[in-house]
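Structural characterization, general
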Number of protein chains: 2
Amino acid sequence: MVTARAYAADSATSPLVPTTIERREVGPRDVLIEIAFAGICHSDIHTIRGEWGTVPYPLTVGHEIVGIVAEVGSEVSAHAAGDRVGVGCLVNSCRSCANCLAGEEQYCLNGGVGTYGDVDRDGTITQGGYSSHVVVDEHFVVRVPDGLDLAAAAPLLCAGITTYSPLRHWKAGPGTRVAVIGLGGLGHMAVKLAASLGAEVTVLSQTLAKEDDGKRLGATAYYATSDPETFEKLVDSFDLIINTVSATLDATAYLSLLALDGTMVNLGAPPEPFAVPMFALAARRRSFSASGIGGIRETQEMLDYCAEHGIASDIEVISADQVNEAWERVLASDVRYRFVIDIATL
Amino acid sequence: MVTARAYAADSATSPLVPTTIERREVGPRDVLIEIAFAGICHSDIHTIRGEWGTVPYPLTVGHEIVGIVAEVGSEVSAHAAGDRVGVGCLVNSCRSCANCLAGEEQYCLNGGVGTYGDVDRDGTITQGGYSSHVVVDEHFVVRVPDGLDLAAAAPLLCAGITTYSPLRHWKAGPGTRVAVIGLGGLGHMAVKLAASLGAEVTVLSQTLAKEDDGKRLGATAYYATSDPETFEKLVDSFDLIINTVSATLDATAYLSLLALDGTMVNLGAPPEPFAVPMFALAARRRSFSASGIGGIRETQEMLDYCAEHGIASDIEVISADQVNEAWERVLASDVRYRFVIDIATL
């Protein structure tokens, strides 16, 4: 067993506190990673606070993990000690179903294993990246290219791939008009990536408060959704809407902004369903969809793409003892655009 | 003016009665059609009964029209007297917007003109095909190939194109698994066309009453949706679901039947929105969409395809004085699978 330092919560209402957790022995196909940085994702907070279901406390969260390989198992070929690597939201899947074989492990028909709070194949509960070390099967470990700053790369493992995957799947590129709803952790990555891919990018945010940022990140237009005129002005305007907001929106209003054959892709997971009227879809053969992270192969592709194009997350690095305060600031949308914990301070 | 015999309703609650209506003079680009057969679509009933909005009574409905060209305007080049032709749900559109220029007149950004109950560009109210004659701009008149029986071709102008278009758009063909919800006028065409295109076709119907028919039409499997086991058994099974039912269904249950990247396309227009939960979409990157008829170019392509592959509607030909009784039978789902009015009896 490997004893790791970690921050964990004991209940839905307790703060995160320093503790130690046990990681499994490094098996033949395992990689032991000394974690350098862990990003703070809103999902971490939803999970710990019990908003997404029952939680096996005590729990350490964090699924935007980067670090250095400390040790590899005897059969590991893809990684070696000293490598810069990352781990995202998945640490296992069945690897034999059609979706896994297609490289889409996030849609594993037998259920993938999440990086924290999930039951691993050996029956243990997975523990996340707010921790000094983690042991992960090599298949779920990706390389962080040299060109990427390690801290700024951490959020790519969730916010990056979650936006990159639908942008590629729905073919954002030159000639496509992409709207991004919400300019937070996911939204700011969606804007950077869509602009980099050559799409014409518009931000739809509640207010114009972050307009300068949005344009700096690559958007050519920025509208306030609190202004009803926005919806009149932008009718039939977009080929793809990437919705990064985790709340149930007015589907009719947003769908009306899609041009013929346009798709609204939802990345958030609000508990209430959307009310989707047929006429809003049928009037322009519009589609309403949702996407979750990306497969391992595509996560590697995204990291390579980001290194090549000089893209990473805009981050604020914090020390471990600031994590509870940082969570409150995430809830208040007071971060531009991602907190990253410096695990050396843990 | 051309005086035409017709059946019309004077109110939402009156029966259809014989009358005469005026058609406009044949303009330079118009085609005067002597109607031979008109299909009965459920939309005709919804419209007359005021279920889809205000109706300009008296109104003649019918948008599955086939007949023989009686006269053409001086500038008409595509059609000539004596030609077998058809008219579907659209008789005009702006023809200058991006969607019209793309041949998708059904999604005209300035609003297409429906075959009945709509305001035409000259300010008159359009009147449908339960009538002896109609005058239509040549662009909205399609050729009925010789190989097609004229009566059985009538329903292709709505039920045919409404199912053909999404099957082609979402690439139904060899290797794709298509489910068709509902085996009525649209459903039986969806089964025939999807099977002809090479897809593996499953019918999802409330009961197994029409199973023999479904298999004769080309389905290889047939399930009752009243049996909860159907939804357990078929989870993750389809690439495309064509929903021909005009009622608000349990989106969660049907979406769960889609495999990775599958799409549920709705062709009906129930007044209530569907409740679409994010998890049902995000779990397999599923899409929820809707489609309306098809463009004029694609309608011609569909008729040519049907002639080439020996496909038409299964019909019951009635005389004009049976139309009110036929409507009641449509409402009771007592038709296999489309009533067609023999306009010679009008």
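As a starting point, this report considers the structure included with it. Here the structure is a predicted model, which is why all the values come from computation and not from measurement. (Residues numbered from 1 in each chain as written. Chains lettered and ligands numbered in written order. Predicted model: local features only at pLDDT ≥ 70, side-chain atom pairs only at ≥ 80, totals over all residues. Heavy atoms only, no water.)

Some points on the packing of helix H4 (residues 159-169) of chain A against helix H5 (residues 185-196) of chain A
All names here are of chain A. At a minimum axis distance of 8 Å, the contact between H4 and H5 shows a crossing angle of 45°. Taken together, H4 and H5 sit at an angle that is classed as oblique. Here H4 runs over H5; the crossing is right-handed. Here H4 contributes Ala159, Gly160, Thr162, Thr163, Tyr164 and Leu167 to the contact with H5, which in turn contributes Gly185, Leu186, Met189, Ala190, Leu193 and Ala194. Grouping the constituent residues of the contact of H4 with H5 by class yields eight nonpolar, four polar and no charged. (Axes fitted to C-alpha atoms, helices over the stretch in contact; angles between N-to-C directions. Helix = DSSP H or I, 4+ residues; strand = E, 2+ residues; numbered from the N terminus. Parallel < 35°, antiparallel > 145°, perpendicular 65-115°, else oblique. Left-handed = near helix turned anticlockwise from the far one by under 90°. Contact = heavy atoms within 4.5 Å. Nonpolar A, V, L, I, M, F, W, Y, C, P; charged D, E, K, R; others polar.)

Observations regarding the packing of aromatic side chains
Taken as a whole and assessed by the stated rule, the structure comprises eight aromatic pairs over all chains. Ring centres of A:Tyr130 and A:Trp327 lie 6.3 Å apart, and the angle between their planes is 65°; this geometry places the pair in the edge-to-face category. One end of the pair, A:Tyr130, is in the loop between strand S7 (113-114) and strand S8 (133-137); the other, A:Trp327, is in helix H11 (residues 323-331), with 197 residues separating them in the sequence. You'll find A:Tyr130 and A:Trp327 in the same group, each marked buried. Ring geometry for B:Tyr164 against B:Tyr305: centres 5.7 Å apart, planes inclined by 50°, an arrangement best described as tilted. Of the two residues, B:Tyr164 sits in helix H4 (residues 159-169) while B:Tyr305 sits in helix H10 (residues 296-309), which places them 141 residues apart along the sequence. (Phe/Tyr/Trp six-rings, centres within 6.5 Å; stacked < 30°, edge-to-face > 60°. Buried < 20%, exposed > 50% of the residue type's maximum accessible area, 1.4 Å probe, protein only.)

Notes on the side chain of A:Asp44
All names here are of chain A. Examined against the element boundaries, Asp44 turns out to sit in helix H1 (residues 42-48). For Asp44, which is buried and forms no salt bridge, the nearest opposite charge comes from Arg338, at a distance of 7.2 Å. Each residue touching Asp44, except ones within four places of it in the same chain, is listed here: Gly39, Val61, Gly62, His63, Tyr116, Tyr130 and Trp327. (Lys, Arg positive; Asp, Glu negative; His and termini not counted. Salt bridge = Lys/Arg side-chain N within 4 Å of Asp/Glu carboxyl O.)

Notes on the relation of the copies chain A and chain B
The two copies are related by a screw operation: chain A maps onto chain B through 180° of rotation and 0.0 Å of translation along the axis, at an RMSD of 0.0 Å. The superposition operator between the copies reduces to a two-fold rotation axis. A shared binding surface is used by both copies, with 100% of the interface residues of chain A retained as interface residues in chain B. (Least-squares fit on C-alpha atoms with pLDDT ≥ 70 in both.)

Examining the sheet that holds strand S14 (residues 258-266) of chain A
Here we have twelve strands laid out as an open sheet, ordered S12(A)-S11(A)-S10(A)-S13(A)-S14(A)-S16(A)-S16(B)-S14(B)-S13(B)-S10(B)-S11(B)-S12(B), and mixed in their pairing. Of all strands in the sheet, those with a lone pairing partner are strand S12 (221-224) of chain A together with strand S12 (221-224) of chain B, marking the two edges. Along the sheet, successive strands turn relative to each other by an average axial angle of 20°, direction set aside. Set on the sheet, H4(A) makes contact with strand S10 (177-181), strand S13 (238-243) and S14 of chain A together with strand S14 (258-266) of chain B; between it and S13(A) the angle comes to about 160°. (Pairing = 2+ DSSP bridges.)

Points about the interface of chain A and chain B
Each side of the interface is counted separately: chain A has 33 residues, and chain B has 33 residues. Summed over both sides, the interface of chain A with chain B buries roughly 2600 Å², with 62% coming from carbon and sulfur. Contact with chain B buries area across many residues of chain A, yet A:Tyr107, A:Met278 and A:Arg285 alone supply 28% of it, more than any other trio. Among the salt bridges present, the one from B:Glu104 reaches A:Arg285, with a minimum N-O distance of 3.2 Å. Inspection of the chain A/chain B interface yields eleven residue pairs in polar contact (both at pLDDT 80 or more). Elements with a contribution of two residues or more to the side of chain A that touches chain B: H4, S14, strand S15 (274-276), helix H9 (278-282) and strand S16 (287-290) of chain A. With four residues, the top contributor of residues to the side of chain A that touches chain B is S16(A). By residue class, the composition of the side of chain A that touches chain B is 18 nonpolar, nine polar and six charged. (Buried area = accessible area lost by both parts, 1.4 Å probe. Polar contact = N/O pair within 3.5 Å; in protein donor to acceptor, adjacent residues only side chain to side chain.)

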